[in-house]
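# Report on the structure
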Amino acid sequence: MGAKEEWQVSCRDIASRRRDLTVFVSQGHIVINVPPGEAAVLTPLEVGRLRAALREAVVAASDTEL
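In what follows, the accompanying structure is described. For clarity, every value in this text was computed on a predicted model and none was experimentally measured.

## Digging into the overall build of the chain
Each helix and strand counted, the chain has one helix and three strands in total. Along the chain, helices and strands appear, N-terminal first, in the series β-β-β-α. C-alpha atoms of the chain, sized along the principal axes, occupy 45 × 25 × 15 Å. Across the 66 residues of the chain, 24% fall into the buried class. Taking as baseline every contact in the chain between residues at least 6 positions apart, the subset at least 24 positions apart corresponds to 48%.

See the structure below:
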């Protein structure tokens, strides 16, 4: 396939520690892996990056269904 299949989005947890969200495609589904046991706190810029990662993952997942 050659396309990127995993995306990292920086965020912070509720205690303001640096964390990452991971978005990836698994068997045609979009998976979002969040910090374990934590809430992800995102700035507007980070939300934009999450949106872009999700959009790219949808395209990648659609390619696997062909």
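From this point, the discussion proceeds with the structure in view.
## What about unusual backbone geometry?
The phi torsion at serine 16 lies on the positive side, around 70°, for a residue other than glycine. Structurally, serine 16 is set in the loop between strand S1 (6–12) and strand S2 (18–26). Backbone geometry places glutamine 27, a non-glycine residue, at a positive phi of 50°. As for its placement among the helices and strands, glutamine 27 is situated in the loop between S2 and strand S3 (29–33).

## Describing helix H1 (residues 44–64)
Its 21 residues give H1 an end-to-end C-alpha distance of 31 Å, which sits within 8% of 30 Å, the value for a rise of 1.5 Å per residue. Where H1 is concerned, the buried positions are Glu46, Leu50, Ala52, Ala53, Ala57, Ala60 and Ala61. Contacts made by the buried residues of H1 are with S1, S2 and S3.

## Some points on the pattern of salt bridges
On inspection of all chains with the given rule, the structure shows three salt bridges. The salt bridge partner of arginine 17 is aspartate 13, with a shortest N-O separation of 2.6 Å. Where arginine 17 meets glutamate 38, a salt bridge forms, and the shortest distance between an N and an O atom there is 3.0 Å. Of this pair, arginine 17 sits in the loop between S1 and S2 while glutamate 38 sits in the loop between S3 and H1; the two residues are 21 residues apart in sequence, bridging distant segments of the chain. Each of Asp13, Arg17, Arg19 and Glu38 takes part in salt bridges that share partners, so that together they form one network.

## Remarks on the nonpolar core
In this structure, Trp7, Val9, Cys11, Leu21, Val23, Val25, Leu50, Ala53, Ala57, Ala60 and Ala61 together form the largest nonpolar core, which totals 11 residues. Looking at this core, the elements with two or more residues in it are S1, S2 and H1. When residues of this core are assigned to their parent elements, the largest contribution, five residues, is made by H1.

Cut-off values and rules
- Residues numbered from 1 in each chain as written.
- Predicted model: local features only at pLDDT ≥ 70, side-chain atom pairs only at ≥ 80, totals over all residues.
- Heavy atoms only, no water.
- Helix = DSSP H or I, 4+ residues; strand = E, 2+ residues; numbered from the N terminus.
- Buried < 20%, exposed > 50% of the residue type's maximum accessible area, 1.4 Å probe, protein only.
- Contact = heavy atoms within 4.5 Å.
- Expected span 1.5 Å × (residues − 1).
- Salt bridge = Lys/Arg side-chain N within 4 Å of Asp/Glu carboxyl O.
- Core = buried A, V, L, I, M, F, W, Y, C linked by side-chain atoms within 4.5 Å.

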